[in-house]
Amino acid sequence: MNKASQPTINDVARLAGVSKKTVSRVINNSELLNGDTRKRVEQVIAELGYTPNPQARALALRRNFVIALIHDNPNAQMVLGVQHGLLEVLRDTEFELLVHPVDRGDPEMLGEVRRFLERQRPYGVMLLPPISENDQLAGLCAEIGCRYVRMGSAPFDVPQHMVASNDRETVRHAIAHLIEAGHRQICVIAGPRGFRSALERQSGYEEAMTAAGLPFDRTWIAPGDYTFDSGIRATERLLDLSPRPTAIFSCNDEMAAGAIHVARQRGLEIPADLSVIGFDDTTIASHIWPPLTTVRWPIVTMARAAALKLIGTGPGDHGDEHALFLSTLIRRASVAAPSS
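Keep in mind that what you see is a predicted model, and the values were worked out from it rather than measured. (Residues numbered from 1 in each chain as written. Predicted model: local features only at pLDDT ≥ 70, side-chain atom pairs only at ≥ 80, totals over all residues. Heavy atoms only, no water.)

**What to know about the packing of aromatic side chains**
Taken as a whole, this structure holds six aromatic pairs when the rule is applied. Each ring, one from Phe-65 and one from Phe-95, has its centre 5.4 Å from the other, and the planes form 65 degrees; the classification is edge-to-face. Here Phe-65 is found in strand 1 (residues 64–71), whereas its partner Phe-95 is found in the loop between helix 5 (76–90) and strand 2 (96–101), with 30 residues between them in sequence. The pair Phe-65 / Phe-95 is uniform in exposure class, with both members buried. (Phe/Tyr/Trp six-rings, centres within 6.5 Å; stacked < 30°, edge-to-face > 60°. Helix = DSSP H or I, 4+ residues; strand = E, 2+ residues; numbered from the N terminus. Buried < 20%, exposed > 50% of the residue type's maximum accessible area, 1.4 Å probe, protein only.)

Below is the structure:
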């Protein structure tokens, strides 16, 4: 071998005494090898300092070394958290992240996603809620032969294809925290219609109120869409109720921030006149005043797990059985006993 030239796959095959196809299988983490052969080839690769050509690997696999994040989600902080978790895993690997927003209301969404997958040929796809709940979309990924992981607020696929949280259970704990503090008229700013997260979180509220033997009225549940402005609109409606609620649970932090904004506009003190709990534990929760009691949704941890599932070398690698990630209630200064 010419010492001035870069080592090639042919050099590795010759020195290891195997075929180029066997070397390719080692590089691509194929399971069709015995341990001794794999170890011998890996040793030669290390000794030569051989670096596989990513373009050649992509051509051989008929996939690019790209992980695609596909979403239609109005919660920018949530999307950023997912990107953070994915990039933590992909950093220092040959994989890159490609973010592809879609419109779930478009009747041509499935066709558009198909064209995107066929054009980009990603190695794997992470689907964010609410489109992650679309079985046809998951089926499309499977049909094309693209690895996929779905993120959700409850499990709805096999562990290999799922990272989920326990939203309903954790919201029950959050409402119980308000009840223990003495609150009885607890209102909710709900999430968008059609989101599984909105359903799970509202159900957690209803179950907690029922378990405590507390009545609640449908007028105590105001619609929101996970944005700050929708939190403002919902809170204006809830604070017009008579009697006025003493506590509000918001299905995300941005809407909770809107609730605090409206309360202050009306001269109410948080938490003396109104207790507020959010969900997500995004940066806004610790940056507003008073700091927001909220449910910490393990977004970054779930995204890291999803990335490991997507770039894993085979079934069971990187903890495919780990599909459920527990949310926790973070107690801060936005909750107190009702003043009257």
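Still more to cover.
**Looking at the pairing of strand 8 (residues 247–250)**
Because side chains alternate across strand 8, one face comprises the buried residues Ala-247 and Phe-249, and the other comprises Ile-248 and Ser-250, equally buried. As defined by bridge partners, strand 6 (residues 186–189) adjoins strand 8 across four bridges and the pair is classed as parallel. The residue of strand 8 that forms the bridge with Cys-187 is Ile-248. By the bridge criterion, three bridges tie strand 8 to strand 9 (residues 275–280) in an arrangement that is parallel. Note on strand 9: the bridge partner recorded for Ala-247 is Ser-275. A crossover connection joins strand 8 to the parallel strand 9 through helix 11 (residues 253–265); in handedness this β-α-β unit is right-handed. (Pairing = 2+ DSSP bridges. Right-handed = clockwise from strand over helix to strand, strands pointing away.)

**Quick notes on helix 10 (residues 228–239)**
Its 12 residues place the ends of helix 10 16 Å apart at the C-alpha level, agreeing with the 16 Å of an ideal helix rising 1.5 Å per residue. Restricting attention to buried positions, one finds in helix 10 the residues Ser-230, Gly-231, Ile-232, Ala-234, Thr-235, Leu-238 and Leu-239. On its buried side, helix 10 packs onto strand 6, strand 7 (221–222), strand 8 and helix 11. (Expected span 1.5 Å × (residues − 1). Contact = heavy atoms within 4.5 Å.)

**Thoughts on the pairing of strand 1**
Burial within strand 1 is extensive, with seven of its eight residues counted as buried. Bridging between strand 1 and strand 3 (residues 122–127) involves five bridges; their strand directions are parallel. Following the sheet pairing, Ile-70 is matched in strand 3 by Leu-127. Bridge analysis of strand 1 against strand 2 gives six bridges, and the strand direction is parallel. Looking at the pairing, His-71 lines up with Pro-101 of strand 2.

**Here we look at the sheet that holds strand 8**
Ordered in space as 7-6-8-9-10-12, the six strands form an open sheet in which the pairing is mixed. Sheet topology places strand 7 and strand 12 (328–330) at the edges, where each strand pairs with a single neighbour. As paired elements, strand 6 and strand 7 share two bridges and run parallel to each other. Within strand 7, the residue paired with Val-188 across the bridge is Ile-221. Against the sheet, helix 10 contacts strand 6, strand 7 and strand 8, and its axis sits at roughly 150 degrees relative to strand 6. (Axes fitted to C-alpha atoms, helices over the stretch in contact; angles between N-to-C directions.)

**Side note on the pattern of salt bridges**
In the structure shown here, the tally under the stated rule is 16 salt bridges. Residue Asp-135 is joined to Arg-150 by a salt bridge in which the shortest nitrogen-to-oxygen separation is 2.7 Å. With Asp-135 in helix 7 (residues 135–144) and Arg-150 in strand 4 (residues 147–152), the pair connects residues that are 15 residues apart, well separated along the chain. Accessibility expressed as a relative area gives 56% for Asp-135, which makes it exposed. In this structure Arg-150 comes out as buried when scored by relative accessible area, which is 2%. The salt bridge partner of Arg-266 is Asp-240, with a shortest N-O separation of 2.9 Å. Of this pair, Arg-266 sits in the loop between helix 11 and strand 9 while Asp-240 sits in the loop between helix 10 and strand 8, and the two are 26 residues apart along the sequence. What makes Arg-266 partly exposed here is its relative accessible area of 38%. Overall, Asp-240 belongs to the exposed group, its relative accessible area being 56%. Each of Arg-168, Arg-172, Arg-196, Glu-200 and Glu-207 takes part in salt bridges that share partners, so that together they form one network. (Salt bridge = Lys/Arg side-chain N within 4 Å of Asp/Glu carboxyl O.)

**So, the sheet that holds strand 11 (residues 324–325)**
Taken in spatial order, the six strands make up an open sheet running 2-1-3-4-5-11, and their pairing is parallel. In this open sheet, the two edge strands, each paired with only one partner strand, are strand 2 and strand 11. Here three bridges tie strand 4 to strand 5 (residues 162–165), and the two strands are oriented parallel to one another. Paired with Arg-150 across the two strands is Met-162, which belongs to strand 5.

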